[in-house]
Amino acid sequence: MTSPFPETKTGLRFGLASLKVTLALTTCLAAVLAAGLPARAQDNPVLAKVNGVEIRQSDVALAEEELGPSLAQMDPATKKDNVLAFLIDLKIVAKAAEDKKVENSEDFKRRMAFTRSRLLMDSLLATEGKAATTDEAMKKVYEEASKQITGEAEVHARHILVETEDEAKTIAEELKKGADFADLAKKKSKDPGASDGGDLGFFTKEQMVPEFSAVAFVLEPGKISDPVKSQFGWHIIKVEEKRNRKAPEFEQVKPQIETYVTRKAQADYVAKLREAAKVERMDKPAEPAAKPAEAAKPDASKMAPAKK
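## Points about the overall build of the protein chain
Helix and strand counts for the protein chain come out as nine helices and eight strands. Entry remark: accessible area of the protein chain is about 20,000 Å², with carbon and sulfur atoms responsible for 53%.

## Concerning the environment of glutamate 165
Position of glutamate 165 among the secondary structure elements: in helix H6 (residues 165–176). Of the residues examined, glutamate 165 reaches a relative accessible area of 33% and is grouped as partly exposed.

## A look at the packing of helix H4 (residues 106–132) against helix H9 (residues 250–276)
In contact at an axis separation of 8 Å, H4 and H9 are set at 125 degrees when each is read in the N-to-C sense. In terms of orientation, H4 lies oblique with respect to H9. As H4 packs across H9, the resulting crossing turns out to be right-handed. Touching Leu124, Leu125, Ala126, Glu128, Gly129 and Ala132 of H4 are Val261, Thr262, Ala265, Gln266, Tyr269 and Val270, all from H9. Of the residues assigned to the contact of H4 with H9, the class counts are eight nonpolar, three polar and one charged.

## Focus on helix H7 (residues 181–188)
Phe181, Ala182, Leu184 and Ala185 are the residues of H7 that are buried. Along H7, the residues classed as buried sweep out an arc of 165 degrees about the axis, all on the same side. Those residues of H7 that are buried are in contact with strand E5 (153–162), H6 and strand E8 (233–244). Backbone nitrogen of alanine 182 and a side-chain oxygen of the N-cap are separated by 3.2 Å at the start of H7; the cap is aspartate 180.

## Focus on the pattern of salt bridges
Summed over the entire model, instances satisfying the criterion amount to 15 salt bridges. For glutamate 154, the salt bridge is made with arginine 245, and the minimal N-O distance between the two is 3.4 Å. Taken as a pair, glutamate 154 in strand E5 and arginine 245 in the loop between E8 and H9 lie far apart in primary sequence, 91 residues in all. Residues glutamate 154 and arginine 245 agree in their burial class; the two are buried. The residue glutamate 163 makes a salt bridge to lysine 190 at a minimum N-O spacing of 3.0 Å. Linking glutamate 163 in the loop between E5 and H6 with lysine 190 in the loop between H7 and strand E6 (199–203), this pair joins segments that are 27 residues apart in sequence. By relative accessible area, glutamate 163 is classed as exposed at 53%. By relative accessible area, lysine 190 is classed as partly exposed at 38%.

## Brief notes about the pairing of E8
Inspection of the sheet shows E5 paired to E8 by ten bridges, in the antiparallel sense. Paired with arginine 158 across the bridge in E8 is lysine 238. Connecting the antiparallel pair strand E7 (residues 228–230) and E8 is a turn made up of two residues.

## Quick word on the packing of H6 against H7
A packed helix pair is summarised by two numbers, namely the angle formed by the two axes and the spacing between the axes. Contact geometry of H6 with H7 gives a least axis separation of 10 Å together with a crossing angle of 150 degrees. Of the possible angle classes, the one that applies to H6 and H7 is roughly antiparallel. As for the relative orientation of H6 and H7, their crossing is right-handed in sense. Across the interface between the two elements, Ile171, Glu174 and Leu175 of H6 pack against Phe181, Leu184 and Lys188 of H7. A class-by-class count of the residues in the contact of H6 with H7 yields four nonpolar, no polar and two charged.

## Quick look at the pairing of strand E3 (residues 46–50)
Sheet analysis places E3 next to strand E4 (residues 53–56), joined by four bridges and oriented antiparallel. The residue of E4 that forms the bridge with valine 46 is arginine 56. Here E3 folds back onto E4 in antiparallel fashion, the turn holding two residues, of which asparagine 51 has a positive phi close to 50 degrees.

What counts and how
Residues numbered from 1 in each chain as written. Predicted model: local features only at pLDDT ≥ 70, side-chain atom pairs only at ≥ 80, totals over all residues. Heavy atoms only, no water. Helix = DSSP H or I, 4+ residues; strand = E, 2+ residues; numbered from the N terminus. Areas by Shrake-Rupley, 256 points an atom, 1.4 Å probe, with all protein chains shown as cover. Buried < 20%, exposed > 50% of the residue type's maximum accessible area, 1.4 Å probe, protein only. Axes fitted to C-alpha atoms, helices over the stretch in contact; angles between N-to-C directions. Parallel < 35°, antiparallel > 145°, perpendicular 65-115°, else oblique. Left-handed = near helix turned anticlockwise from the far one by under 90°. Contact = heavy atoms within 4.5 Å. Nonpolar A, V, L, I, M, F, W, Y, C, P; charged D, E, K, R; others polar. Arc of directions from axis to C-beta. Polar contact = N/O pair within 3.5 Å; in protein donor to acceptor, adjacent residues only side chain to side chain. Salt bridge = Lys/Arg side-chain N within 4 Å of Asp/Glu carboxyl O. Pairing = 2+ DSSP bridges.

Right under this line is the structure:
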């Protein structure tokens, strides 16, 4: 019933106009960073040659980064074969473009200039973000978020959900006569969790509709409620356990915390650069410099281990 810190894709995309920095490194950046890593010849074999130009394993790896989603459903062998075929065509067509002097066109030059600026920006911001993600910085964020969690009440409950009050009353009578709650939930509940015996796991008050929470948080463990009406229908609730919520271990949420610390460091760095820069907008009247969007702080109420 809980949700983790916001998760993002690996990488970085930065909106210049709004100064919103999100962790989503472009595939171009991935290529630049990977290209800078030394590779031993035996670990980077030549897989093909096109008019004498080599295509190596490292080239295939870079192409996979860019083609990503379109390759997701392929098995490793098919993926490698398709990527290599793509690179062969890429080399052939790129050579044809060079022969036609495509790089001399104004459109090509503008695109190259834009790509260069974006790669420079992404590389620098990635470096700044990485430098900020020290254990000390991440543990500080973790401790601050954990303080907001400790002591919050949670209830572990099951429920049976039916359409009408009469159905709910009939089930309540069966339970009073000793029927097994989980078995009845599997047979009669219309809730998606019926197959688990109506098990809802642990939840806080805010995670359930008010009518449901008002009853669940009053019931003692082992007790079963009278029929309770909500917007979803009629519930019979059984409380299994109560506890004070505890924050997950640091290592369990470290990836989400790292994302937050990285975002904030990048946003702060851009704000500092922008403050020192002279920016002139010719498309509209001058306005006071807008403050950059600060990275959203982790929501302590939703702090949970990252799913694996």
